[in-house]
Structure formats: structure tokens, C-alpha cells
Amino acid sequence: MTENPHPSRPTPAPDPGPRPEPLRLFGTTWLHHTDGYALRRVGASVGSLAAAVAGCLLLRFAYQGLQIADVGGIVDTLVIVMFAICSAIAFRKTWESFTSRPADPARDQSLRSLKTIGFVGSLLAYFFRSLTEAPGEKLHRQEYETALARYERRRGTRTGNPAARKKKPKRT
């Protein structure tokens, strides 16, 4: 092992290259499908489905409260339509977020309240995606492989000591 010639300066760490971005519930196990990846996927599927069912029961109790209050047919219809539309929007936006980054983050941020109201749609999107892969795995894998290729290309052009290269003779 070589000593640091300048003890007052820290030794530069070797450049490890790009690191995979961790996913919620999965960490970086999605990269090589290790450390209980399959079990985590099953747990994510079951958990998101159970949460969706619990959310539907909660919405049913809220709807029964409206029926007991006898608020009227139009309000009952509006509540059902609102939750159906918000759930559909939340499902679509959550599903799209697994395959691509939002083109306009500000617009995506403005839809947060709709996604919160339609939480059942988001949970169902999470459930269906976790049947085939960790939610967001495809997007993160694609970004990681792109970053790795860019790193290898950049690293390949810098190899060698530039001072040791042969100088081209000058033309006279």
C-alpha cells in the first residue's frame, strides 16, 4: 500500500462510476434481483392490493355517511363521479411515472391533489406494476445503463498518461 505523499491533503477516492438509484421498498436490489427481490415484489403486490381494498372500504363508509345524512341524489352522484375520475387520473399518472420522467414537473406537481383524492387508482397501478417488476425498475435501469455507458465512454477516452504520449514531429 502506498502512503499519501501529502498528508495534509486527503487521498482522492477512486472514481467508482455511476451508482444505481434506490427504489422505494427495494433499495438497489432491483439491479441484480438479489437479497429477497422476489419476496419484496410479492410483499409490494399484496400490500398495495390490501391498501387499495382498505381504501375502497373507507370510501364505502364515507358514502354510507352521505346516504345517512340524506344529502340528495346529485351529491351522491357527484361524489362517485369525482372519485372515479380522480382514481382514473391517478392510475394513469402513476403508471406513466414508472416508465418516464414527467416532461413538465410543475404540471405534475399541480396534479398532486387529484392523485391524493384518487389514491385507490395509484395503489392499483402500484399493484399491477409490481406483478411484473419493481415499480419504476424499467425507468431506473434504463437511466443507470445510459449513465454507465456514458461513464465508460468518458473513462475510455482518458486512459493513459498524456505526458507519456509520443509527440508528433513538426512539419517543416
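Reading the values: rules and limits
Every chain is numbered on its own, with residues counted from 1 as its sequence reads. Two thresholds apply to this predicted model, a pLDDT of at least 70 for residue-level local features and 80 or more for giving and counting side-chain atom pairs, whereas whole-chain, interface and lining totals are computed over all residues. Think of the side-chain values as coming from all heavy atoms in the structure, minus any hydrogens and water. Within this document, salt bridges are pairs made up of a side-chain nitrogen of Lys or Arg and a carboxyl oxygen of Asp or Glu, the two lying within 4 Å of each other. Going along the chain from the N terminus, every DSSP run of H or I of four or more residues is numbered as a helix, and every run of E of two or more is numbered as a strand. The buried label applies to any residue whose accessible area, calculated with a 1.4 Å probe on protein chains only, is under 20% of its type's maximum; exposed applies above 50%, and partly exposed to all values in between. Note on contacts: a residue pair is in contact if any heavy atoms of the two residues lie within 4.5 Å. Side-chain atoms within 4.5 Å are what join buried Ala, Val, Leu, Ile, Met, Phe, Trp, Tyr and Cys residues into a set we call a nonpolar core. Each cavity reported here is a set of points on a 1 Å grid over the protein atoms alone in which a 1.4 Å probe fits but cannot get out, each pocket an open set with protein on both sides within 12 Å along at least five of seven lines, and each lining residue one with an atom within 4 Å of a point. Grid points are joined across faces, edges and corners, and a volume is the space filled by probe spheres set on the points. Three classes are used: nonpolar for Ala, Val, Leu, Ile, Met, Phe, Trp, Tyr, Cys and Pro, charged for Asp, Glu, Lys and Arg, and polar for all others, with Gly counted as polar. Only C-alpha atoms enter the line fits that serve as axes; for helices the fit covers just the stretch in contact. Angles between N-to-C directions range over 0 to 180 degrees. If an angle is under 35 degrees, it is roughly parallel; if it is over 145, roughly antiparallel; if it lies from 65 to 115, roughly perpendicular; otherwise it is oblique. If you view the pair so one helix is near and one far, a crossing is left-handed when the near helix is turned anticlockwise from the far one by less than a right angle, and right-handed when it is turned clockwise.

Colleague: Would you mind going over the pattern of salt bridges with me for this structure?
Modeller: Where charged atoms from two side chains of opposite charge approach closely, those side chains can pair. Taken as a whole and judged by the stated rule, the model has six salt bridges. Taking the shortest distance from any N to any O, the salt bridge between Glu-137 and Arg-141 comes out at 2.9 Å. With a gap of four residues between them, Glu-137 and Arg-141 both fall in helix α6 (residues 137–157), about one helical turn apart. For Glu-137, a relative accessible area of 5% gives the class buried. Residues participating in the shared-partner salt-bridge network are Glu-21, Arg-101 and Glu-143.

Colleague: Can you walk me through the environment of Ala-125 in this structure?
Modeller: Inspection of the secondary structure puts Ala-125 in helix α5 (residues 119–130). Its relative accessible area of 0% is what places Ala-125 among the buried residues. Along the primary structure Ala-125 and Glu-96 are separated by 29 residues, whereas in three dimensions their C-alpha atoms are 9.5 Å apart. Those residues in contact with Ala-125 that lie beyond four places of it in its chain are Phe-91, Thr-94, Trp-95 and Phe-98.

Colleague: Can you help me understand the nonpolar core in this one?
Modeller: A general trend in soluble globular proteins is that nonpolar side chains are found buried together. Core analysis: the largest hydrophobic core is formed by eleven residues, namely Leu-23, Phe-26, Trp-30, Leu-31, Tyr-37, Ala-44, Phe-98, Ala-125, Tyr-126, Ala-134 and Tyr-144. Beyond its immediate stretch of four places on either side in the chain, Leu-23 contacts Trp-30, Ala-134, Pro-135, Gly-136, Glu-137 and His-140.

Colleague: Would you mind showing me how to read the layout of surface pockets here?
Modeller: A water-sized probe, rolled over the atoms, reveals where empty space remains. When its volume is computed, the largest pocket comes out at roughly 940 Å³. In terms of lining residues, the largest pocket is bounded by 27 residues, among which Lys-93, Thr-94, Ser-97, Phe-98 and Lys-115 are the most central. Where the lining of the largest pocket is concerned, the elements lending two or more residues are α2 (73–97), α3 (105–110), α4 (112–117), α5 and α6. Counted by class, the lining of the largest pocket contains ten nonpolar, eight polar and nine charged residues. Lining the second largest pocket, in full, are Cys-56, Leu-59, Ala-62, Tyr-63, Leu-66, Val-79, Ile-80, Phe-83, Ser-87 and Val-120. Mapped by element, the contributors of at least two residues to the lining of the second largest pocket are α1 (37–69) and α2. With five residues, the top contributor of residues to the lining of the second largest pocket is α1.

Colleague: Looking at this model, I keep getting lost on the packing of α1 against α2. Mind explaining?
Modeller: Packed helices, taken two at a time, are described by the angle between their axes plus the distance between the axes. Interhelical geometry of α1 versus α2 gives an angle of 165 degrees and a closest axis separation of 10 Å. Taken as axis vectors, α1 and α2 run roughly antiparallel relative to one another. Between α1 and α2 lies a crossing whose hand is right-handed. Contacts between α1 and α2 involve Leu-59, Tyr-63, Leu-66 and Gln-67 from the former and Asp-76, Val-79, Ile-80 and Phe-83 from the latter. Among the residues making up the contact of α1 with α2, the classes are represented as six nonpolar, one polar and one charged.

Colleague: Hey, could you run me through the packing of α2 against α5 in this one?
Modeller: It is the contact of α2 with α5, at a shortest axis distance of 7 Å, that shows an interaxial angle of 40 degrees. Classed by the angle they form, the pair α2 and α5 counts as oblique. Like other packed secondary-structure pairs, α2 and α5 cross with a definite hand, here right-handed. The segment α2 lies against α5, with Ser-87, Ala-90, Phe-91, Thr-94 and Trp-95 engaging Val-120, Gly-121, Ser-122, Leu-124, Ala-125, Phe-128 and Arg-129. Among the residues making up the contact of α2 with α5, the classes are represented as seven nonpolar, four polar and one charged.

Colleague: Looking at this model, I keep getting lost on unusual backbone geometry. Mind explaining?
Modeller: The phi torsion at His-33 lies on the positive side, around 55 degrees, for a residue other than glycine. Checked against the element boundaries, His-33 lands in the segment before α1. Using a relative accessible area of 44% as the deciding quantity, one classes His-33 as partly exposed.

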